[in-house]
Amino acid sequence: MSQSSLIQMVSKFRSLKILVIGDVILDAYYHGNVKRISPEAPVPVFDLTTKEFRLGGAANVALNIAGLGAEVMLCSVVGDDDAGKRVKELMEESGLSNKSLITSEQRPTSIKTRLMSSSTHVIRVDEESTNPLDSNEEKRLIAQLNELLEQSFDAIVFQDYDKGVLTKNTIEWTINKAKQLGIPTAVDPKKRNFFSYAGASLFKPNMKELTEGLDDDSIKAEANSLKNAFDRLTKKMPVDSAFFTLSEHGVFITNGNEAHHISAHRRIIADVSGAGDTVIATATCALASNMPLKEIASISNLAGGWACQFPGVVSITLDHLTEEIKKHF
């Protein structure tokens, strides 16, 4: 496809409305310096200078989708805590609606705190509960989804970080409802619910998730091995198509009839955090726009590579994606 055709197709993202479901994470960045060793133990002393908070997980997927020009709604569960309040504030500041977030008194908001020294990731501290939603919270989430789906959406994306918001019941209910309504579904899976997405339109594991899900670390980032992995995957869990992200080896997409292996573009990599969010956001918009498989993979590959050039979790915009297309097509 020509450069101008691709640019014209992604410009249509502005007419889309996308629903995001999944685990919301508050990403905290503590910036500082490490210049000495503690006298108390042989460990570095981190001298904190600034704190920064960003939207992570499913909230970052929503932020990327909004940046690509689409209207987006985020449905998730956050805690009745300071982190949950900060997530809602950040969403408002970013122009995202937080009206479909459910507040839970039983579980905390997930927080990932990264200590950064001169753009170097020193350590990460996680504060969270990864237990699945209890039955009452699950019912509240499904009721919220049922209300949301009275609106018209062009696609639904599941962003699963194994933090417990997405349960087997919620996933199956949503995919069945989406099929009734003719809405395509895209999935960024993790291990716990890996085989719960039967009937999804686009299933996007990375290489680690694929090998763990199929319990086979012999899978290689080359076409024949990945075609075989798709066949094994769909025998166990039928999906319309699969999109495997392969880090430095690019991406691979197939629906069983056609397959495309797209190479990675040469870049200086600063941080891979959040790149998967950018990829699934772009792929979902492309899927909702009825783009061909090869083009879905190509532009999502561009978007993920763009995100890896910056430290920390960042979100792409339609202007960024358009510039990437001009550079590489």
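Shown above is the structure to which this text applies.
What you see is a predicted model, and the numbers here were worked out from it, not measured in a lab. (Residues numbered from 1 in each chain as written. Predicted model: local features only at pLDDT ≥ 70, side-chain atom pairs only at ≥ 80, totals over all residues. Heavy atoms only, no water.)

Draft legend 1. Highlighting helix H8 (residues 275-288). Here H8 is 14 residues long and its end C-alpha atoms lie 20 Å apart, about the 20 Å a rise of 1.5 Å per residue gives. Within H8, 13 of the 14 residues are buried, leaving the element largely enclosed by the surrounding structure. A positive backbone phi angle near 60° is found at Asn-290, which sits one or two residues after H8. (Helix = DSSP H or I, 4+ residues; strand = E, 2+ residues; numbered from the N terminus. Expected span 1.5 Å × (residues − 1). Buried < 20%, exposed > 50% of the residue type's maximum accessible area, 1.4 Å probe, protein only.)

Draft legend 2. Geometry of a nonpolar patch on the surface. On the surface, a nonpolar cluster with roughly 290 Å² of combined accessible area is contributed by Val-34, Val-122, Ile-123 and Val-125. For the nonpolar patch, the element with the highest residue contribution is strand E7 (residues 120-127), accounting for three residues. With respect to the helices, strands and loops of the structure, Val-34 is situated in strand E2 (residues 24-37). Under the relative-accessibility criterion, Val-34 is labelled partly exposed at 35%. (Patch = residues over 30% accessible without salt bridge, like charges linked within 9 Å, V, L, I, M, F, W, Y side chains within 5 Å. Areas by Shrake-Rupley, 256 points an atom, 1.4 Å probe, with all protein chains shown as cover. Salt bridge = Lys/Arg side-chain N within 4 Å of Asp/Glu carboxyl O.)

Draft legend 3. Structural detail: the state of the cysteines. Overall, the coordinates contain zero disulfides when judged by the stated rule. With no disulfide of its own, Cys-285 lies 18 Å from the sulfur of Cys-75, the closest cysteine sulfur. Taking relative accessible area as the criterion, Cys-285 reaches 0% and is therefore assigned buried. In this structure Cys-308 is not part of a disulfide, and its nearest cysteine sulfur, from Cys-285, lies 18 Å away. Judged by its relative accessible area of 11%, Cys-308 falls in the buried class. (Disulfide = S-S within 2.5 Å.)

Draft legend 4. Looking closely at the nonpolar core. Ranked by size, the top nonpolar core spans 61 residues in total, and within it Phe-13, Val-20, Ile-65, Leu-74, Ile-299 and Leu-321 carry the most contacts. Among the elements that make up this core, the one with the highest residue count is H8 (nine residues). Each residue touching Ile-299, except ones within four places of it in the same chain, is listed here: Leu-6, Val-10, Phe-13, Thr-282, Ala-286, Met-291, Leu-321 and Ile-325. (Core = buried A, V, L, I, M, F, W, Y, C linked by side-chain atoms within 4.5 Å. Contact = heavy atoms within 4.5 Å.)

Draft legend 5. The arrangement of unusual backbone geometry in detail. Its identity as a non-glycine residue notwithstanding, Asp-215 has a phi of 55°, on the positive side. Along the chain, the position of Asp-215 falls in the loop between helix H6 (207-213) and helix H7 (223-236). Phi is positive for Asn-290, close to 60°, though the residue is something other than glycine. Examined against the element boundaries, Asn-290 turns out to sit in the loop between H8 and helix H9 (293-307).

Draft legend 6. Structural context of the packing of aromatic side chains. Per the counting criterion, the structure on display carries six aromatic pairs. When the ring of Phe-158 is compared with that of Tyr-197, the centres are 5.4 Å apart and the planes differ by 70°; the resulting orientation is edge-to-face. Pair noted here: Phe-158 is in strand E8 (residues 155-159) and Tyr-197 is in the loop between strand E9 (185-188) and strand E10 (202-203), with a separation of 39 residues, a long-range link. The positively charged end of Arg-54 is found above the aromatic ring belonging to Tyr-29, 4.4 Å away from the centroid. Against the face of Phe-195 rests Lys-236, its NZ or CZ located 4.4 Å from the ring centre. (Phe/Tyr/Trp six-rings, centres within 6.5 Å; stacked < 30°, edge-to-face > 60°. Lys NZ or Arg CZ within 6 Å of the ring centre and 35° of its normal.)

Draft legend 7. Fine view of helix H2 (residues 58-67). Among the 10 residues in H2, eight count as buried, and that is most of the element. Among all positions in H2, only Ala-58, Ala-59, Asn-60, Val-61, Ala-62, Leu-63, Asn-64 and Ile-65 are buried. In this fold, the buried residues of H2 make contact with strand E1 (17-22), E2, strand E3 (44-57), strand E4 (71-79), E8 and H8. Just past H2, the residue Gly-69 takes up positive phi, approximately 105°.

Draft legend 8. Quick peek at the pattern of salt bridges. Per the counting criterion, the structure on display carries 16 salt bridges. Among the salt bridges present, the one from Glu-172 reaches Lys-168, with a minimum N-O distance of 2.5 Å. Of this pair, Glu-172 and Lys-168 are both found in helix H5 (residues 168-181), four residues apart, which corresponds to roughly one turn of the helix. By relative accessible area, Glu-172 is classed as partly exposed at 32%. Of the residues examined, Lys-168 reaches a relative accessible area of 45% and is grouped as partly exposed. In this structure, the salt-bridge partner of Asp-188 is Lys-204, at a minimum N-O distance of 3.4 Å. Of this pair, Asp-188 sits in strand E9 while Lys-204 is found in the loop between E10 and H6, placing the two residues 16 residues apart along the sequence. Across this residue pair, the class does not change: Asp-188 and Lys-204 are buried. Among the ionic contacts, a cluster of salt bridges with common partners joins Arg-267, Glu-324 and Lys-327.

Draft legend 9. Focus on the sheet that holds E4. One open sheet holds the nine strands; their spatial order is E5-E4-E1-E8-E9-E10-E11-E12-E13, and the pairing between them is mixed. In the strand order of this sheet, the two ends are held by strand E5 (101-104) and strand E13 (259-262), each with one partner. As paired strands, E1 and E4 are joined by five bridges and run parallel to one another. Paired with Val-20 across the two strands is Leu-74, which belongs to E4. Where H5 meets the sheet, it contacts E1, E8 and E9, and its direction lies at approximately 165° from that of E8. (Pairing = 2+ DSSP bridges. Axes fitted to C-alpha atoms, helices over the stretch in contact; angles between N-to-C directions.)

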